[in-house]
Amino acid sequence: MSGSVLAYASQWNKQYTTVAEAPAILTVEEAAILFKLPQDQIRNLCKNQTFIAFKLGREWRIDKEQSLKKFSGGN
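Note that this is a predicted model, so its numbers are computed, not measured. (Residues numbered from 1 in each chain as written. Predicted model: local features only at pLDDT ≥ 70, side-chain atom pairs only at ≥ 80, totals over all residues. Heavy atoms only, no water.)

**Brief notes about unusual backbone geometry**
In step 1: Backbone geometry places K36, a non-glycine residue, at a positive phi of 55°.
In step 2: Among the secondary structure elements, K36 is positioned in the loop between α1 (28-35) and α2 (39-47).
In step 3: K36 sits in the exposed class, given a relative accessible area of 69%.
In step 4: Of note, the phi angle at Q49 is positive, near 65°, even though the residue is not glycine.
In step 5: You can see Q49 is positioned in the loop between α2 and β2 (53-56).
In step 6: For Q49, a relative accessible area of 57% corresponds to the exposed category. (Helix = DSSP H or I, 4+ residues; strand = E, 2+ residues; numbered from the N terminus. Buried < 20%, exposed > 50% of the residue type's maximum accessible area, 1.4 Å probe, protein only.)

Here it is as structure tokens:
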């Protein structure tokens, strides 16, 4: 594979027109798109348990439905 370059397209072109379109378990990037917040702020919300989230290796995974309820002030 010498001379070949492997490049990944930016995923920031994702857009969700409804919450239902987003997956049930979100990555930090997907949550940032859905909640319209910077990725660093999403990570902080995971760390301080504002979002219902868990770590998978080094990456956060966020439960969409539970986090929406908690983030919007619901139980």
